[in-house]
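Here is how the chains run, residue by residue.
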Amino acid sequence: MNATTGKRIALISVHGDPAIEIGKEEAGGQNVYVRHVGEALAQLGWQVDMFTRKVSEEQNTIVQFSENCRTIRLVAGPVEFVPRDNLLEHVPEFLDNFLKFQKENNITYQLVHTNYWHSSWVGMQLKKIQGTKQVHTYHSLGAVKYKTIEKIPLIASQRLAVEQEVLETAERIVATSPQEQEHMRSLVSTKGNIDIIPCGTDIRRFGAIDRQTARADLRIDPDTKLVLYVGRFDQRKGIETLVRAVNESQLRGNNHLKLIIGGGSTPGNSDGIERDRIENIINELGMSDFTTLPGRLSQEILPTYYAAADVCVVPSHYEPFGLVAIEAMASGTPVVASDVGGLQFTVVPEVTGLLAPPQDVAAFATAIDRILLNPQWRDELGKAGRKRVETKFSWDGVATQLGELYTQLLQQPAKEPVLLSK
Ligand code: UDP
């Protein structure tokens with residue numbers, strides 16, 4: 001028997017493929033989370049299979065990251081990109097193909113860790129069919145999201161029902177911040193078991209390069225005051241607030257400013273439309289000579305951008321966790337973020353950065369200026385941020401906590417499946 005057989009876990013992430021390029025439409029924090037959690041668990045001796053949906057014929061069905069860690073792509077609906085809000089009808093096929101994979105490979109997963117609500121539905125069916133235990137991470141809560149957007153999608157009622165059911169039935173829910181846990185309790189259900197285990201970041205990669213070298217690499221001169229955004233183009237990311245805040249800062253006489261807005265987009269898709277909208281605002285405000293949009297930044301080049309920046313701004317309308325904030329902090333760069341969700345947990349105001357009310361242009365401008373105008377304080381905030389990430393948010397630490405949780409759940413007696421085996 002393989003020594004790791006007892007430590008086997010399936011991570012299910014129907015729409016967040018851990019093996020694809022990050023930073024484009026719908027590929028963000030969840031993909032990064034699943035990939036890094038999987039790899040770090042494998043390092044700890046777990047046999048990790050990460051299941052996602054195949055979106056193109058060119059994609060390999062299996063991507064092997066290391067001996068014990070692989071991504072497996074299952075067919076569910078058309079083999080093409082399908083927006084999240086239209087995915088539910090294809091999830092039963094995902095479940096069928098998951099069961100087929102188990103059968104063909106002679107594996108029965110005792111434990112699954114599901115990510116986002118579609119995947120939680122798959123986990124709940126596996127529990128009914130074969131008694132699989134379930135850990136779930138939401139990544140985004142419908143009950144919170146629908147309070148911050150104007151057009152509620154048709155899928156909303158189904159999503160809210162699934163999100164409530166999984167909270168009440170999963171062996172454990174992993175909230176990534178105390179703020180997320182509080183939202184689950186106040187908006188979803190008072191029943192169910194929740195642990196708080198944060199997201200993490202690669203503390204060896206982020207922080208490996210100093211400001212001077214990073215600026216030389218990017219050809220940014222030492223006097224430039226560099227404001228950085230990293231993330232997807234989505235209206236709820238609040239990029240407009242940042243652009244207007246930097247404009248206000250410049251109008252107040254802040255010179256030598258440079259704004260870099262990093263993130264990928266595809267013309268015609270929702271992220272391409274948001275990018276066009278942002279570029280129009282930049283042009284209207286006359287900011288194009290000091291603003292650049294370099295497109296998607298690879299995980300390899302990102303540490304250089306974070307290290308070069310004087311401040312990284314996370315202006316999201318809402319954020320359940322917000323990986324970008326801890327990546328910047330790990331790189332020794334202070335963060336100005338919206339005073340919402342997980343950002344209230346990661347960013348300690350006046351210690352590792354500053355918080356401002358979401359969409360409040362004047363408050364963001366003031367916070368950015370306070371840091372840009374005081375380089376010594378900037379450095380102190382940066383150092384404190386790095387320390388906070390080292391102690392609380394490394395992937396190794398996060399994977400250790402998850403591994404302990406999985407072990408504890410696997411040791412509990414199995415429940416009888418409700419349905420007969422398919
Ligand atoms: N990201 C990237 N390249 C880009 C833009 C974003 O690699 O051009 C990564 C970023 O480093 C982070 C993730 O995408 O790891 C975004 O995660 P976050 O939690 O901040 O936001 P989400 O996308 O989940 O809303």
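Heads up: the structure comes first, above all this text.
Computed from a predicted structure; not experimentally measured.

J.: What should I look at first to understand the nonpolar core in this one?
T.: Side chains that are nonpolar tend, in soluble globular proteins, to be buried together. Ile 12, Val 48, Phe 51, Phe 98, Tyr 306 and Tyr 406 are the most contacted members of the largest nonpolar core, which has 101 residues in total. When sequence neighbours within four positions are dropped, the list of residues in contact with Tyr 406 reads Ile 9, Leu 11, Leu 41, Trp 46, Leu 111, His 113 and Val 135. Of all hydrophobic cores here, the second largest spans 30 residues; its members include Leu 242, Ile 282, Trp 377 and Leu 381.

J.: Just checking my understanding: could you explain the site of the ligand for this structure?
T.: Taken together, 20 residues sit near the ligand, with Arg 232, Lys 237, Leu 297, Gln 299 and Glu 327 positioned nearest. Contact distances for the ligand include 2.8 Å between an oxygen atom and a side-chain N or O atom of Gln 299. Computed on the free molecule, the ligand has an accessible area of 540 Å², of which 92% lies beneath the protein chains in the complex. Broken down by secondary-structure element, the contributors of at least two residues to the shell around the ligand are helix H1 (29–43), helix H10 (302–308) and helix H11 (323–330). Per-class residue counts for the shell around the ligand are 8 nonpolar, 7 polar and 5 charged.

J.: Explain the packing of aromatic side chains to me, please; I cannot follow it from the model alone.
T.: Here the distance between the centres and the angle between the planes together describe a pair of aromatic rings. With the rule as written, the count across this model stands at 9 aromatic pairs. Pairing Phe 51 with Tyr 109 gives two aromatic rings, centres 5.6 Å apart and planes at 85 degrees, and the pair type is edge-to-face. Here Phe 51, found in strand E2 (residues 47–53), pairs with Tyr 109, found in the loop between helix H2 (91–105) and strand E5 (111–115); they are 58 residues apart in sequence, far enough to count as distant. We note that Phe 51, like Tyr 109, is buried.

J.: I'm lost on the sheet that holds strand E14 (residues 353–356) in this one. Help?
T.: Each strand in a sheet pairs with another by means of backbone hydrogen bonds, the pair being arranged parallel or else antiparallel. Strand order in the open sheet formed by 6 strands is E11-E10-E9-E12-E13-E14, with parallel pairing between adjacent strands. Of all strands in the sheet, those with a lone pairing partner are strand E11 (291–295) and E14, marking the two edges. The average undirected angle you get between the axes of adjacent strands in this sheet is 20 degrees. With 2 bridges joining them, strand E9 (residues 225–230) and strand E12 (residues 311–314) adopt parallel strand pairing. Its bridge partner being in E12, Val 227 is matched across the sheet by Val 311.

J.: Explanation requested: the sheet that holds E2 in the structure shown.
T.: A sheet is described by the order of its strands in space; here 8 strands give the open sequence E3-E4-E2-E1-E5-E6-E7-E8, paired in mixed fashion. The sheet is open, and its two edges are formed by strand E3 (62–66) and strand E8 (194–196), each paired on a single side. With strand direction ignored, the average angle separating the axes of adjacent strands in the sheet is 20 degrees. Here E2 runs beside strand E4 (residues 69–74); their pairing, made up of 6 bridges, is parallel. If you follow Met 50 over to E4, its bridge partner there is Thr 71. Contacting strand E1 (8–12), E2, E3, E4, E5, strand E6 (133–137) and strand E7 (172–175), H1 runs over the sheet at an angle of about 160 degrees to E2.

J.: Even after reading the chapter, I still don't get the pattern of salt bridges, so can you show me in this structure?
T.: Any two side chains of opposite charge can pair, so long as their charged atoms come close to each other. Across all of its chains, the model carries 25 salt bridges by this definition. In this structure, Asp 310 engages Arg 215 in a salt bridge whose closest nitrogen and oxygen atoms are separated by 2.8 Å. Taken together, the residues Asp 310 in the loop between H10 and E12 and Arg 215 in helix H7 (residues 211–218) connect sequence positions 95 residues apart. Since its relative accessible area comes to 5%, Asp 310 is described here as buried. If you follow the salt bridges from partner to partner, you end up with Arg 211, Arg 215, Asp 310, Arg 378 and Asp 379 in one network.

J.: It is not clear to me how the side chain of Glu 163 should be interpreted in this structure. Could you clarify?
T.: Looking at the secondary structure, you find Glu 163 in helix H5 (residues 156–169). Given the relative accessible area of 1%, Glu 163 is considered buried. Aside from chain neighbours lying at most four places away, what touches Glu 163 is Trp 117, Tyr 138, Ser 140, Leu 141, Gly 142, Ala 143 and Val 188.

Definitions and cut-offs
- Residues numbered from 1 in each chain as written.
- Predicted model: local features only at pLDDT ≥ 70, side-chain atom pairs only at ≥ 80, totals over all residues.
- Heavy atoms only, no water.
- Core = buried A, V, L, I, M, F, W, Y, C linked by side-chain atoms within 4.5 Å.
- Buried < 20%, exposed > 50% of the residue type's maximum accessible area, 1.4 Å probe, protein only.
- Contact = heavy atoms within 4.5 Å.
- Near = heavy atom within 4 Å.
- Polar contact = N/O pair within 3.5 Å; in protein donor to acceptor, adjacent residues only side chain to side chain.
- Areas by Shrake-Rupley, 256 points an atom, 1.4 Å probe, with all protein chains shown as cover.
- Helix = DSSP H or I, 4+ residues; strand = E, 2+ residues; numbered from the N terminus.
- Nonpolar A, V, L, I, M, F, W, Y, C, P; charged D, E, K, R; others polar.
- Phe/Tyr/Trp six-rings, centres within 6.5 Å; stacked < 30°, edge-to-face > 60°.
- Pairing = 2+ DSSP bridges.
- Axes fitted to C-alpha atoms, helices over the stretch in contact; angles between N-to-C directions.
- Salt bridge = Lys/Arg side-chain N within 4 Å of Asp/Glu carboxyl O.

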